[in-house]
Amino acid sequence: MSTLRVGLRCDASPRRGVGHLVRCLALAEEFLARGAHVAVLGTIERLDWATAELAARGIPLHPGPDSPAELVEAARRHHLDVMVLDSYELNPAGAGALRAAGVFTLALIDGDSRGQVADLYLDQNFGAELTGLPGRLLAGSGYALLRDSVITARPPVPPRVTAVSRPRVLAFFGGTDAVGAAPVLTRVLVATGHPMDLTVIVGRPEIEAEVEDVTPGRGQVIRPVPPTTSLPTLITEADLVVSAAGTSTWELCCLGAPAALVCVVDNQRESYARVVRQGLAAGLGELPELTAAGVAGRATRAAAARTLLGLFSSPQRRATLAGKAWSTVDGRGRARVVDAVLDAVRPAAVTG
């Protein structure tokens, strides 16, 4: 069989965030390890570190086709055998058009297929299930897509959690923090009154300015840092991680990080609720409620601060979260996904 040619259709920008690109990058690394040729088709706006990640892996970036006809034309122009679609904004008819053109199509979804007619679907969210799809569904965190940098940083056993008087806390909310969660959660962390060494990943200059405006309390240090490729190391060194309940949830689980999550956008709500209910992470609530004015907002922020204070004061609670998270995501999800693609594509190539 000739070299498999794979296209990954995704976009990333300060407004959209980088979750789609990050999980496509994990798939790209696995396909490359299997000898495939990989290209990204999409737009990456004002994210130099993201384009550098592609360049470092030798992955070309081509303009992103939008309409079904443009997707088919791009697949033909680049001689693609497989197209991965990871977008909430593309015309959902694109998947069916690609299939009709003979391109194997994998749609990455988050609880909603949007009517796409794909050969294979992937919903990596914990406890995911969706019936009535025309193609096969790979569902659940056993298929979580994680990059090399996360997989190699995974500890061989659940990390040991110890009592600390001044915990190291890491807060990050996606590659760009598109919804501005960092300043809100920085204020909630400060409101615990507990000493801490807090590192906050700031995805944009305006976020950094807001975080720098927060006055730390006694024994508290706030350190804003830009997005970094050393994030897995920062996660493994932290006594507690505060993050959005997006694609980074699976990175935290794989690394066995004691984590407290915030639901920052609507499409995270269901997965957030499942993860918290199953004890993989503590829940701090939803961002609109944490930012609300008046009595309701104050009550939500106070409840989140109490949850954080409980985590700081209970090594056992943090250890329980870390152990369950570590055992739930083993870092082999992307290999299972690529196995499923190859199992489907290779017989077709032989018979075709």
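Before reading on, note that the structure itself is shown above.
Scope of this entry: the structure provided in the associated data block. (Residues numbered from 1 in each chain as written. Predicted model: local features only at pLDDT ≥ 70, side-chain atom pairs only at ≥ 80, totals over all residues. Heavy atoms only, no water.)

1. Digging into the pairing of strand 9 (residues 196-201)
On a regular strand, one side chain projects to one face of the sheet and the next to the other, so that they alternate. Note the threshold: With a 1.4 Å probe rolled over the protein chains alone, any residue whose accessible area is under 20% of its type maximum counts as buried; one over 50% counts as exposed, and the rest are partly exposed. Helix numbers and strand numbers start at the N terminus; a helix is a DSSP run of H or I with at least 4 residues, a strand a run of E with at least 2. We call two strands paired when DSSP finds no fewer than two bridges between them. By definition, the crossover connecting two strands over a helix is right-handed if that path, from the first strand to the second, turns clockwise as seen with the strands pointing away from the viewer.
Most of strand 9 is tucked away: six of the six residues are buried. Residues Met196, Leu198 and Val200 of strand 9 are buried on one face, and the alternating residues Asp197, Thr199 and Ile201, pointing to the opposite face, are buried as well. Where strand 8 (residues 168-172) and strand 9 come together, four bridges link them in parallel fashion. Residue leucine 170 lies in a different strand from strand 9, and its bridge partner there is threonine 199. Regarding topology, helix 6 (residues 181-191) serves as the crossover connection from strand 8 to the parallel strand 9, and that connection is right-handed. As paired strands, strand 9 and strand 10 (residues 220-225) are joined by six bridges and run parallel to one another. The residue of strand 10 that forms the bridge with threonine 199 is arginine 223. In terms of handedness, the path from strand 9 via helix 7 (residues 205-212) over to strand 10 forms a crossover that is right-handed.

2. Section: empty space enclosed by the protein
Going by this rule: Put plainly, a pocket is an open set of points on a 1 Å grid over the protein atoms alone with protein on both sides within 12 Å along at least five of seven lines, a cavity is a set where a 1.4 Å probe fits but cannot get out, and a lining residue has an atom within 4 Å of a point. Grid points are joined across faces, edges and corners, and a volume is the space filled by probe spheres set on the points. Amino acids are sorted into nonpolar (Ala, Val, Leu, Ile, Met, Phe, Trp, Tyr, Cys and Pro), charged (Asp, Glu, Lys and Arg) and polar (every other residue, Gly among them).
Within the structure shown, the criterion is met by two cavities of 30 Å³ or more. Taken as a whole, the largest cavity spans an internal volume of roughly 40 Å³. Residue lining of the largest cavity: Leu21, Val22, Leu25, Trp49, Ala50, Glu53 and Arg147, and that is the complete set. Sorting the residues of the lining of the largest cavity by element identifies helix 1 (19-33) and helix 2 (48-56) as the ones contributing at least two each. A per-class count over the lining of the largest cavity returns five nonpolar, no polar and two charged. Taken as a whole, the second largest cavity encloses approximately 40 Å³ of empty space. Lining of the second largest cavity is provided by Thr249, Leu252, Cys253, Ala257, Ala259, Leu261, Val275, Leu280, Ala281 and Ala325. Counting residues per element, the ones that place at least two in the lining of the second largest cavity are helix 9 (248-255) and strand 12 (259-263). At three residues, the largest contribution of residues to the lining of the second largest cavity is made by helix 9.

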